[in-house]
Amino acid sequence: QVQLVESGGGLVQAGGSLRLSCAPSGRTFSMNGMGWFRQAPGKEREFVAAIRWSRGSTYYAVSVKGRFTISRDSAKNTVYLQMNSLKPEDTALYYCAASSGAYTYPSSKDQYNYWGQGTQVTVSS
């Protein structure tokens, strides 16, 4: 069984930074892409950022572009989300996701077949 283990969430003031990490554990699998999604209370889970594993191509939601950076360490099979200039509206439970299928729609939740448990990010004003 594959598990995605996230870390790095926490409480930060507006304008601050956090870095999230996510790595798979358990059964190995061929990973084609990884992404970050977030869900605020009472809202739908939304796309934040994604990375195509082989080429390193990145994709961002408009709301985070220029502030967040997704990257990967292939040797460690780890994906990172560097979040700068955080705003109160970034407050959410952040989920890591991995895709072992053809990486066609990086921003779609349906693209991913493995999900982490989530890590809370809270930005105070």
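Structure shown above.
Our subject in this report is the structure included herewith. Note that the coordinates shown come from a computational prediction; the quantities given were computed from them, not determined experimentally.

A closer look at unusual backbone geometry
Right, on to step 1. A positive phi angle, close to 55 degrees, is found at Asn77, a residue other than glycine.
Right, on to step 2. The class of Asn77 is partly exposed, set by a relative accessible area of 31%.
Right, on to step 3. Backbone geometry places Ser85, a non-glycine residue, at a positive phi of 50 degrees.
Right, on to step 4. Among the secondary structure elements, Ser85 is positioned in the loop between β8 (78–83) and β9 (92–99).
Right, on to step 5. Judged by relative accessible area, Ser85 falls into the partly exposed class, the value being 40%.

Some words on the pairing of strand β5 (residues 46–52)
Side-chain positions along a regular strand alternate between the two faces of the sheet.
Right, on to step 1. Counting buried positions along β5 gives five out of seven residues, so the element sits mostly inside the fold.
Right, on to step 2. Between strand β4 (residues 33–39) and β5, which pair antiparallel in sequence order, lie six residues; one of them, Gly42, sits at a positive phi of approximately 75 degrees.
Right, on to step 3. The sheet contact formed by β5 and strand β6 (residues 58–60) spans three bridges and is antiparallel. Within β6, the residue paired with Ile51 across the bridge is Thr58.

Some words on the nonpolar core
Right, on to step 1. With 35 residues, the main nonpolar core has Met34, Trp36, Val79, Leu81, Met83 and Tyr94 as its most contacted residues.
Right, on to step 2. Elements with a contribution of two residues or more to this core: β1 (2–7), β3 (18–26), β4, β5, β7 (68–73), β8, β9 and β11 (119–124).
Right, on to step 3. Those residues within four positions of Met83 in sequence are excluded, and the remaining contacts are Gly16, Ser17, Leu18, Leu20, Arg67, Phe68, Tyr94 and Val121.

Some remarks on the pattern of salt bridges
Right, on to step 1. Inspection of every chain in the model, using the stated rule, returns three salt bridges.
Right, on to step 2. Across the salt bridge formed by Arg38 and Asp90, the nearest N and O atoms sit 2.9 Å from each other. Highlighted residues: Arg38 in strand β4 and Asp90 in the loop between β8 and β9, separated in sequence by 52 residues. As far as burial versus exposure is concerned, Arg38 and Asp90 are alike and both buried.
Right, on to step 3. For the salt bridge of Arg67 with Asp90, the shortest nitrogen-to-oxygen distance reads 2.7 Å. With a gap of 23 residues between them, Arg67 in the loop between β6 and β7 and Asp90 in the loop between β8 and β9 connect regions that are remote in the sequence. Summarising the burial analysis for this pair, Arg67 and Asp90 share the class buried.
Right, on to step 4. A single network of salt bridges, built from pairs that share partners, joins Arg38, Glu46, Arg67 and Asp90.

A short note on the state of the cysteines
Right, on to step 1. One pass over the full model with this rule turns up one disulfide.
Right, on to step 2. The side chain of Cys22 participates in a disulfide bridge whose partner is Cys96; the two sulfur atoms lie 2.0 Å from each other. Every disulfide takes its handedness from the sign of the S-S torsion; for Cys22 and Cys96 that torsion is -80 degrees, giving left-handed. Of this pair, Cys22 sits in strand β3 while Cys96 sits in strand β9, and the two are 74 residues apart along the sequence. Like Cys96, Cys22 is buried.

What counts, and where the lines are drawn
Residues numbered from 1 in each chain as written. Predicted model: local features only at pLDDT ≥ 70, side-chain atom pairs only at ≥ 80, totals over all residues. Heavy atoms only, no water. Buried < 20%, exposed > 50% of the residue type's maximum accessible area, 1.4 Å probe, protein only. Helix = DSSP H or I, 4+ residues; strand = E, 2+ residues; numbered from the N terminus. Pairing = 2+ DSSP bridges. Core = buried A, V, L, I, M, F, W, Y, C linked by side-chain atoms within 4.5 Å. Contact = heavy atoms within 4.5 Å. Salt bridge = Lys/Arg side-chain N within 4 Å of Asp/Glu carboxyl O. Disulfide = S-S within 2.5 Å.

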